Amino acid sequence: MEIKKMNEQENTLEIKNLVIHYISDEEVVKAVNGVDIIIKAGKTLGLVGETGAGKTTTALSILNLVPEPQGKILSGEVLLEGRSVLTMSELELEEIRGDKVAMIFQDPMTSLNPVHTVGAQIAESIEIHRKVSKEEALKQAKEMLELVGIPGERSNEYPYQFSGGMKQRVVIAIALTCSPDLLIADEPTTALDVTIQAQVLKLINELRRKYHMSMLMITHDLGIVAEVCDEVSIAYAGRIVEHGTLEDIFDNLRHPYTKGLFDALPDIEIRRSELKPIKGLMPDPTNLPSGCPFHPRCDYVMEVCSQSLPENKWLSETHCVQCHLYKDTNESRL
Amino acid sequence: MDEVVKKYTTRKEFFKQYKKKSRLQETWNRFLRNKMAVIGLFIFIFIVLVAITAPIIANYDTEAIKINVPNRLKAPSTEHIFGTDEMGRDIMARIVHGARISLVVGFASVALALFIGGALGAIAGYYGGKIDDVIMRCMDVFLCLPDVLLALAIVAAFGTNLVNMTIAIGLSFTPKFSRVVRSAVMTVRGIEYVEAARAIGSTNTHIITNHVLINCFGPIVVQVTLYVASAILTISALSFIGLGIQAPIPEWGNMLASGRAYMRDHAYIVMAPGLAIFVTILSLNLLGDGLRDALDPRLK
């Protein structure tokens, strides 16, 4: 199976020009405004951005789980191994969810049902997709627990008997039971403390390699990106403002926003140095600024920035940036 | 720190003290702290036991039904604890057998209301939007009519017997349950584990029954106890005005109605059924209030 996947170098996930707005009676929240994402088989893409950049909404669209009835997918395509997710029937979607695409949720405290044992919750996914008996599913659930480093006999216990880190392991076990082709990790470590974060990341990484899965890692922690990702997309106000390989982003960053993100990191070498935050706040998604949405906060703002939206500019095979600074040059202007 | 650890022989034991008690255990402990609720529970258990053992306490045909004119209107004595009624029947026997009807019809009608109203409320709350609007506006129409009036209309239309009465009361309570279940479902629906269940490909039906409703257990249990009390009261009210359980069959409401004429000279004749209704309703209300407080974590 592994060899087969290696050979077909196709894209596990392709998102093209996705636009999602949340429409209510009072206002329109422009959550996602034209996102393009490609994840190659077996690769990990990091989707980085501030709160409200549309990361989670993008992820939910892959499972066609954008909250209804407010969430409206206005345009765009989501192709999962070449099949369009957005046009699938509910029945087809149920087959894909958990089997082809699985999701690790942000908060393990609320993503496990308090009234079922952890074993039963892992077994649920196996029962649905593998069509096996309840006993068999529970047996496999135990094996999954062992795999994420929890003794199998604890499968009869309830979520409240587990610590936060262990709960997140259970959530990971649920996501991995049917060895999906694409794993979506929506800030899997934000609810955990730092030492547990490292363990959980290591676990996700190991298992991902073992089963040769593709992964979409949503995070706002650049450290995590450096640790687990092959490629990075920087999201701002529902757009991908810069995309590239790890080297492109970490060593040759081009977009002022990406630079702002890196400048805002504390430096362990110079302990006295003050943090340099990006000035201003994330724009209100109901009322985005004209032109480039980042221009009110940008240090390199030009006249054109408030007038028109920058196009995608490919600087190399892998590196793409959305900024007026690079209209006629590929060299860094930061 | 070392001394603290020494007290417990192993690390495992040291951490055991932090192990949380189960939620059910915690709720139960909180319930036990509420004295009135415990009293309510005991009275209710007593009433249920009486209803179950009714045939042992008094023979239905010879003591509760058979007319025995020479024995009529006897005041309470050791032989007849609550006295005898205008037909010479032992009031105690009739109360005890009446409890069976009240409890069975009370619970059956609430079960019916819970089943229909719960299903409609769960669908409305889970799917929301237009489905919610249609279901809840229909329920609102029913909610406009007072329960007793609605039950009365149904009984009047289909005739008075036990089954019709259960259905009548059950239907008149349906909209209330649909509201309760809907609001409980709407709170649970937003929690991440429901989304997580969708993300692994569970069907909506499976999610509603297995993930959502099971977490709405608390508010539903409270409403069930409170509405059983209300149902028992409705049965008695209907029987009192002659549209419920009919004459020879002992029922608290119709006992009150038939005893009314003799109330001046023989007060005990209405005292017993009145007290029976009062105590039953009181116990269920105390129980329901206690459960509500125990299940509400804010009142810890």
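Residues numbered from 1 in each chain as written. Chains lettered and ligands numbered in written order. Predicted model: local features only at pLDDT ≥ 70, side-chain atom pairs only at ≥ 80, totals over all residues. Heavy atoms only, no water.

S.K.: Help me understand the pattern of salt bridges in this model?
M.R.: A side chain of one charge can pair with a side chain of the opposite charge if their charged atoms are brought near each other. Per the counting criterion, the structure on display carries 20 salt bridges over all chains. A:Glu157 serves as the salt-bridge partner of A:Arg154, at 2.7 Å between the closest nitrogen and oxygen. A:Asp263 is the salt-bridge partner of A:Lys276, the closest N and O atoms lying 3.5 Å from each other. One end of the pair, A:Lys276, is in the loop between α11 (256–263) and β11 (313–314); the other, A:Asp263, is in helix α11, with 13 residues separating them in the sequence. Taking the relative accessible area as the measure of exposure, A:Asp263 reaches 28% and is therefore partly exposed. Several salt bridges converge on common partners, so that one network encompasses B:Asp133, B:Arg137, B:Asp140 and B:Arg179. (Salt bridge = Lys/Arg side-chain N within 4 Å of Asp/Glu carboxyl O. Helix = DSSP H or I, 4+ residues; strand = E, 2+ residues; numbered from the N terminus. Buried < 20%, exposed > 50% of the residue type's maximum accessible area, 1.4 Å probe, protein only.)

S.K.: For this particular structure, what's the right way to read the interface of chain B and chain A?
M.R.: Accessible area lost on assembly of the parts is the figure often given for the size of an interface. On the side of chain A, 26 residues touch chain B, which itself brings 23 residues to the contact. Its largest share of buried area at the contact with chain A, chain B owes to B:Glu192, B:Ala199 and B:Ile200, together 29% of the area lost on that side. Where chain B touches chain A, the interface holds zero salt bridges. At the junction of chain B and chain A, the tally comes to 11 residue pairs in polar contact (both at pLDDT 80 or more). Counting residues per element, the ones that place at least two in the side of chain B that touches chain A are α11 (192–199) and α12 (204–212) of chain B. Among the elements that line the side of chain B that touches chain A, the one with the most residues is α11(B), at seven residues. Tallied by class, residues from the side of chain B that touches chain A come to seven nonpolar, nine polar and seven charged. (Contact = heavy atoms within 4.5 Å. Buried area = accessible area lost by both parts, 1.4 Å probe. Polar contact = N/O pair within 3.5 Å; in protein donor to acceptor, adjacent residues only side chain to side chain. Nonpolar A, V, L, I, M, F, W, Y, C, P; charged D, E, K, R; others polar.)

S.K.: Help me understand the pairing of strand β8 (residues 214–219) of chain A in this model?
M.R.: Across a regular strand the side chains alternate sides, sitting on one face of the sheet and then on the other. Residue and element names in this part refer to chain A. Counting buried residues along β8, six of its six residues qualify, which places the element largely inside the surrounding structure. Burial of β8 is two-sided: the residues Ser214, Leu216 and Ile218 facing one way and the residues Met215, Met217 and Thr219 facing the other way are all buried. The sheet contact formed by strand β3 (residues 44–48) and β8 spans five bridges and is parallel. Each bridged residue has a counterpart across the sheet, and for Gly46 the counterpart in β8 is Met217. Relative to β8, strand β7 (residues 182–186) runs parallel, the two being bridged by five bridges. Of the residues in β8, the one forming a bridge with Asp186 is Ile218. Once you follow β7 into helix α8 (residues 194–211) and on to β8, the crossover reads as right-handed. (Pairing = 2+ DSSP bridges. Right-handed = clockwise from strand over helix to strand, strands pointing away.)

S.K.: Any chance you could explain a nonpolar patch on the surface here in plain terms?
M.R.: Residues and elements named next belong to chain B. Judged by side-chain polarity, Phe115, Ile116, Leu162, Val163, Ile167 and Leu171 come together as a nonpolar surface patch covering roughly 540 Å² of accessible area. When contributions to the nonpolar patch are tallied by element, the ones reaching two or more residues are α7 (91–127) and α10 (162–189). At four residues, α10 tops the list of elements feeding residues into the nonpolar patch. When you line up the elements, Leu171 lands in helix α10. Of the residues examined, Leu171 reaches a relative accessible area of 35% and is grouped as partly exposed. (Patch = residues over 30% accessible without salt bridge, like charges linked within 9 Å, V, L, I, M, F, W, Y side chains within 5 Å. Areas by Shrake-Rupley, 256 points an atom, 1.4 Å probe, with all protein chains shown as cover.)

S.K.: Hey, could you run me through unusual backbone geometry in this one?
M.R.: In terms of backbone geometry, most residues other than glycine have negative phi values and most peptide bonds are trans. Residue and element names in this part refer to chain A. In this model, Asn64 sits at a positive phi of 55°, which is unusual for a non-glycine residue. Classification of Asn64 by relative accessible area gives buried; the value is 19%. Backbone geometry at Glu81 places phi at a positive 50°, although glycine is not the residue there. Looking at the element boundaries, Glu81 is found in the loop between β4 (71–80) and β5 (83–84).

S.K.: Would you mind showing me how to read the nonpolar core here?
M.R.: What tends to happen in soluble globular proteins is that the nonpolar side chains get buried as a cluster. Ranked by size, the top nonpolar core spans 91 residues in total, and within it A:Leu13, A:Ile37, A:Ile62, A:Val170, A:Ile172, A:Leu183 and A:Ile184 carry the most contacts. Judged by nonpolar contacts, the second largest core, of 59 residues, contains B:Val38, B:Tyr126, B:Ile207 and B:Ile220. (Core = buried A, V, L, I, M, F, W, Y, C linked by side-chain atoms within 4.5 Å.)

S.K.: Where do I start with the packing of aromatic side chains in this structure?
M.R.: The geometry of an aromatic ring pair is captured by two quantities: the separation of the ring centres and the angle between the planes. The tally for this structure, following the rule as stated, stands at nine aromatic pairs over all chains. With 5.2 Å between their ring centres and 90° between their planes, B:Tyr126 and B:Tyr127 make a pair best called edge-to-face. By relative accessible area, which is 38% here, B:Tyr127 ends up partly exposed. When the ring of B:Phe177 is compared with that of B:Tyr227, the centres are 5.2 Å apart and the planes differ by 55°; the resulting orientation is tilted. Here B:Phe177 is found in helix α10, whereas its partner B:Tyr227 is found in helix α13 (residues 217–240), with 50 residues between them in sequence. Counting every residue linked through ring pairs, the aromatic cluster contains A:Tyr236, A:Tyr257 and A:Phe294. Cation over ring: A:Arg154 sits above A:Phe162, and NZ or CZ is 4.5 Å from the ring centre. (Phe/Tyr/Trp six-rings, centres within 6.5 Å; stacked < 30°, edge-to-face > 60°. Lys NZ or Arg CZ within 6 Å of the ring centre and 35° of its normal.)

S.K.: Looking at this structure, I do not really get the sheet that holds strand β10 (residues 239–245) of chain A. What am I missing?
M.R.: Pairing between the strands of a sheet comes from backbone hydrogen bonds, and it takes one of two forms, parallel or antiparallel. All names here are of chain A. Strand order in the open sheet made by the eight strands is β6-β7-β8-β3-β9-β10-β12-β11, with mixed pairing throughout. Looking at strand neighbours, the two that pair on one side only are β6 (101–104) and β11, the edges of this open sheet. Note that strand β9 (residues 231–236) and β10 share six bridges and pair antiparallel. Bridge assignment links Tyr236 to a residue of β10, and that residue is Arg239. In this fold α8 packs onto β3, β6, β7 and β8, with an angle of close to 160° to the strand it touches most, β8. (Axes fitted to C-alpha atoms, helices over the stretch in contact; angles between N-to-C directions.)

S.K.: I would appreciate a short explanation of the sheet that holds β4(A) in the present structure.
M.R.: All names here are of chain A. What the four strands build is an open sheet, ordered β2-β1-β4-β5; its pairing is antiparallel. One side of each edge strand has no neighbouring strand; the edge strands of this open sheet are β2 (28–40) and β5. In the packing of helix α2 (residues 55–62) onto the sheet, the strands contacted are β1 (11–23), β2 and β4, and the crossing angle to β1 comes to about 120°.

S.K.: Quick question: what am I supposed to make of the packing of α13(B) against helix α15 (residues 268–295) of chain B here?
M.R.: The packing of two helices is summarised by the inter-axis angle and the distance between the axes. All names here are of chain B. Relative to each other, α13 and α15 sit at 165°, their axes nearing to 8 Å. Classified by the angle their axes make, α13 and α15 are roughly antiparallel. Considering only the axes of α13 and α15, their crossing is left-handed. Counting all contacts with α13, which are made through Gly218, Val221, Val222, Thr225, Leu226, Val228, Ala229, Ile232, Leu233 and Ser236, the residues of α15 involved are Ile277, Thr280, Ile281, Leu284, Asn285, Leu287, Gly288, Asp289, Leu291, Arg292 and Leu295. Counted by class, the contact of α13 with α15 contains 13 nonpolar, six polar and two charged residues. (Parallel < 35°, antiparallel > 145°, perpendicular 65-115°, else oblique. Left-handed = near helix turned anticlockwise from the far one by under 90°.)

S.K.: Sorry, what's going on with the pairing of β1(A) here?
M.R.: Residues and elements named next belong to chain A. When β1 meets β2, the two strands line up antiparallel, connected through 10 bridges. Paired with Glu14 across the bridge in β2 is Ile38. Where β1 hands over to β2, the hairpin turn is made up of four residues, counted between the paired strands. As paired elements, β1 and β4 share eight bridges and run antiparallel to each other. The residue of β4 that forms the bridge with Tyr22 is Gly71.

S.K.: Mind showing me how you'd approach a negative patch on the surface here?
M.R.: Together, A:Asp25, A:Glu26, A:Glu27 and A:Asp284 line one region of the surface with negative charge. Within the fold, A:Glu26 resides in the loop between β1 and β2. (Lys, Arg positive; Asp, Glu negative; His and termini not counted. Charge placed at Lys NZ, Arg CZ, Asp CG, Glu CD.)

S.K.: Sorry, what's going on with the side chain of B:Asp132 here?
M.R.: Secondary-structure assignment places B:Asp132 in helix α8 (residues 129–144). Apart from the residues within four sequence positions on either side, B:Asp132 is in contact with B:Ala124 and B:Arg182.

These results come straight from atomic positions and should not be treated as a statement about function.
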